[in-house]
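An overview of the molecular structure
Next come the chains, spelled out residue by residue.
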Amino acid sequence: MSAARVLVVGGGGREHALAWALGRSPLVGEVLVAPGNAGTVPAVRMPDPDDVDAFADAARDRAVDLVVIGPEAPLVAGLADACRARGLLVYGPDAAAARLEASKVDAKAFMLRHGVPTAAARRCDDVSSALAALTELGAPIVVKRSGLAGGKGVTVAESTRAAEAAVHEAFAAGEDAVLLEERLVGQEVSLLLVCDGRDAVPLRLAQDYKQAEDGDLGPMTGGMGTVAPVDLLDAAAQADVMRSIVRPTLDGLRAEGTPFVGTLFIGLMLTERGPLVLEYNVRFGDPETQALLPLLESDLFELLRDAARGTLGTRALRWRAGACACVVMAAPGYPGSPRTGTPLDVPGDLGADVLVFHAGTRLEGGRLVSAGGRVLNVVGLGNDMAQAVARAYGAVERIGFDDAHYRRDIGSRLAQP
Ligand code: AMP
Ligand code: GLY
């Protein structure tokens, strides 16, 4: 392959970080991002990625050497299948494998079939059976919508009344089924693995701050910040997770005729019973990716290309020493009704240890303005976590963004395990 042309699909902070890391590879000549954002300019004009056939045709016409699909929606809609059908090399699972994220009901049944350790759960297909089950099970309890909900479909209910409200809301929103799940207690970690259908190479562990407000209060969001690496699992415990969770997952997918090529993202809760799976995602985490890729010294293009080709094998990745923290600056009103169109001022001299990955941004008459819920990902690198966090917040304070909403406690959980 001469200098490769890579197409990154998506328009969030994750995709900006992917494009940045891919662009650092000496093997890459050009990175296209569709639809992209103001940080990934020049974005390319392509059909909507959810219109999978039109998008795959356009990708083929642009003769790209590798397609890297960021978000879950086009994966679930079959974009990877459509691109593969046109002979393109694709990093991202087929729709059949993406069901692990598309349906929490299917994912839970899959875990039970393959002996993957997870929380006990009951599936309910209508309001009345869910309410009856709640009376029996009581609170605390977790109510999960089965379908895709942008990371916002889970209610950890402290009272039966709150659980009932979540059940009513889920079915009113057109959900086919909910899971009522045992509430787990422990630290949560994000384990991302690059997979080639057979083998998996783990990235460092990351930790997400999902609720909107400091102290893990307020509504769930897509993620308000992340830190990496987190050392909550020692080498023996990580090997155990590979053996008891990752292996049965990959083997189960292969045995069911849906081998997994792409990023398998396993949300783990570290409980007294050991690590249990909270959820599977079938793509890079957002904002986990923004805190992981700046630490990666190995060539990301080579890694994803080899995974897409099915030639990953076992390999150890090289990582930079130190730590990385990502603080999300969101629009006021996020995650409810974010206000957009706010002018943004991102100074050019934030320092060598700071990166800013755009998410919901666009250029309006040459001016940078907010255009979504999560707007900027401000990333600090440091020799240790305290320094990484301080650098990220130092940069946040220098960015002009009126009424920006961000958490002030990213990284604080590690200080009090
Ligand atoms: P999910 O989309 O399944 O990852 O759920 C979103 C968030 O809800 C998780 O990251 C956890 O913080 C929380 N959560 C999900 N399932 C449980 C559970 N069984 N017990 C406690 N918290 C949970
Ligand atoms: N940050 C969690 C996710 O990407 O789903």
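Everything discussed here concerns the structure shown above.
These lines cover the structure that appears in this document, whether it is placed above or below. (Residues numbered from 1 in each chain as written. Chains lettered and ligands numbered in written order. Predicted model: local features only at pLDDT ≥ 70, side-chain atom pairs only at ≥ 80, totals over all residues. Heavy atoms only, no water.)

**As for the layout of surface pockets**
Gaps between atoms show up when a probe of the same size as a water molecule is rolled over them. Roughly 250 Å³ of volume is contained in the second largest pocket. Residue lining of the second largest pocket: 13 residues in total, with R204, L205, P229, V230 and D231 positioned closest to the centre. (1 Å grid on protein atoms, 1.4 Å probe; cavity = no way out; pocket = protein on both sides within 12 Å on 5 of 7 lines; lining within 4 Å. Points joined across faces, edges and corners; volume = space filled by probe spheres on them.)

**Regarding the sheet that holds strand β2 (residues 28–35)**
Pairing in this open sheet of 4 strands is parallel, and the strands run β2-β1-β3-β4 from one edge to the other. Where the open sheet ends on each side, the last strands, each with one partner, are β2 and β4 (90–91). In terms of strand pairing, strand β1 (residues 4–10) meets strand β3 (residues 66–69) through 4 bridges, oriented parallel. Bridging from a neighbouring strand, V8 pairs with V68 of β3. Contacting β1, β2, β3 and β4, helix α11 (residues 300–309) crosses the sheet at an angle of about 95° to β3. (Pairing = 2+ DSSP bridges. Helix = DSSP H or I, 4+ residues; strand = E, 2+ residues; numbered from the N terminus. Contact = heavy atoms within 4.5 Å. Axes fitted to C-alpha atoms, helices over the stretch in contact; angles between N-to-C directions.)

**Quick look at the sheet that holds strand β21 (residues 374–382)**
Sheet strands pair by backbone hydrogen bonding; their relative direction is either parallel or antiparallel. Ordered by their spatial adjacency, 5 strands build an open sheet running β11-β14-β17-β21-β18, and the pairing between neighbours is antiparallel. Single-partner strands in this sheet number two, and they are β11 (207–208) and β18 (354–358). In this structure, strand β14 (residues 225–228) lies alongside strand β17 (residues 323–330), joined through 4 bridges in antiparallel fashion. Residue V227 lies in a different strand from β17, and its bridge partner there is A325.

**Brief notes about unusual backbone geometry**
The omega torsion of the bond from A228 to P229 falls at -5°, within 30 degrees of zero and hence cis. For P229, the position within the fold is in the loop between β14 and α9 (235–255). D286 connects to P287 through a cis peptide bond whose omega is 20°. Tracing the backbone shows P287 in the loop between β16 (274–281) and α10 (288–292). Positioned with a positive phi, D403 is a non-glycine residue whose angle comes to about 60°. Along the chain, D403 turns up in the segment after α12 (385–398).

**Observations regarding the packing of helix α5 (residues 95–102) against helix α6 (residues 104–113)**
At their nearest, the axes of α5 and α6 sit 6 Å apart, and the two run at 100° to each other. Compared by their axis directions, α5 and α6 come out roughly perpendicular. Of the residues in α6, those touching α5 at R99, L100 and A102 are K104, D106, A107, F110 and R113. Its residues assigned to classes, the contact of α5 with α6 comprises 4 nonpolar, no polar and 4 charged. (Parallel < 35°, antiparallel > 145°, perpendicular 65-115°, else oblique. Nonpolar A, V, L, I, M, F, W, Y, C, P; charged D, E, K, R; others polar.)

**Regarding the site of ligand 2**
In the vicinity of ligand 2, the contacting residues are D208, K210, G222, F265, N281, R283, G285, D286, P287 and E288. Contacts to ligand 2 include D208, whose side-chain N or O atom sits 2.8 Å from a nitrogen atom. A distance of 2.8 Å separates a nitrogen atom of ligand 2 from a polar atom in the side chain of E288. Compared with its free state, where it exposes 200 Å², ligand 2 has 93% of that area covered by protein. Considering only residue class, the shell around ligand 2 consists of 2 nonpolar, 3 polar and 5 charged. (Near = heavy atom within 4 Å. Polar contact = N/O pair within 3.5 Å; in protein donor to acceptor, adjacent residues only side chain to side chain. Areas by Shrake-Rupley, 256 points an atom, 1.4 Å probe, with all protein chains shown as cover.)

**Points about the site of ligand 1**
In the vicinity of ligand 1, 15 residues are found, and the nearest of them are E181, L184, E188, K210 and E279. The separation between a nitrogen atom of ligand 1 and a polar main-chain atom of L184 is 2.8 Å. With respect to ligand 1, the side chain of E279 contributes an N or O atom lying 2.8 Å from an oxygen atom. Burial of ligand 1 by the protein chains amounts to 94% of its free accessible area of 470 Å². At the level of secondary structure, the elements contributing two or more residues to the shell around ligand 1 comprise β6 (141–145), β7 (154–157) and β16. Among the residues making up the shell around ligand 1, the classes are represented as 7 nonpolar, no polar and 8 charged.

**Observations regarding the pattern of salt bridges**
Taken as a whole, this structure holds 35 salt bridges when the rule is applied. As a salt-bridge pair, R145 and E169 come within 3.9 Å of each other at their nearest N and O atoms. A residue pair is termed long-range when its members are at least 10 positions apart, and R145 in strand β6 and E169 in helix α8 (residues 160–172) qualify at 24 residues. Given the relative accessible area of 23%, R145 is considered partly exposed. Judged by its relative accessible area of 51%, E169 falls in the exposed class. Here E364 ties to R362 by a salt bridge, and the two come within 2.7 Å at their closest N and O atoms. Under the relative-accessibility criterion, E364 is labelled partly exposed at 40%. With relative accessibility at 36%, the residue R362 sits in the partly exposed group. (Salt bridge = Lys/Arg side-chain N within 4 Å of Asp/Glu carboxyl O. Buried < 20%, exposed > 50% of the residue type's maximum accessible area, 1.4 Å probe, protein only.)

**Section: the environment of T135**
Looking at where T135 falls in the secondary structure, it is placed in helix α7 (residues 127–137). A relative accessible area of 65% means that T135 is categorised as exposed. Taking the C-alpha atoms as reference points, T135 and T160, 25 residues apart in sequence, are found 7.6 Å from one another. A polar contact is formed between the side chain of T135 and the backbone oxygen of L131, at a distance of 2.9 Å.

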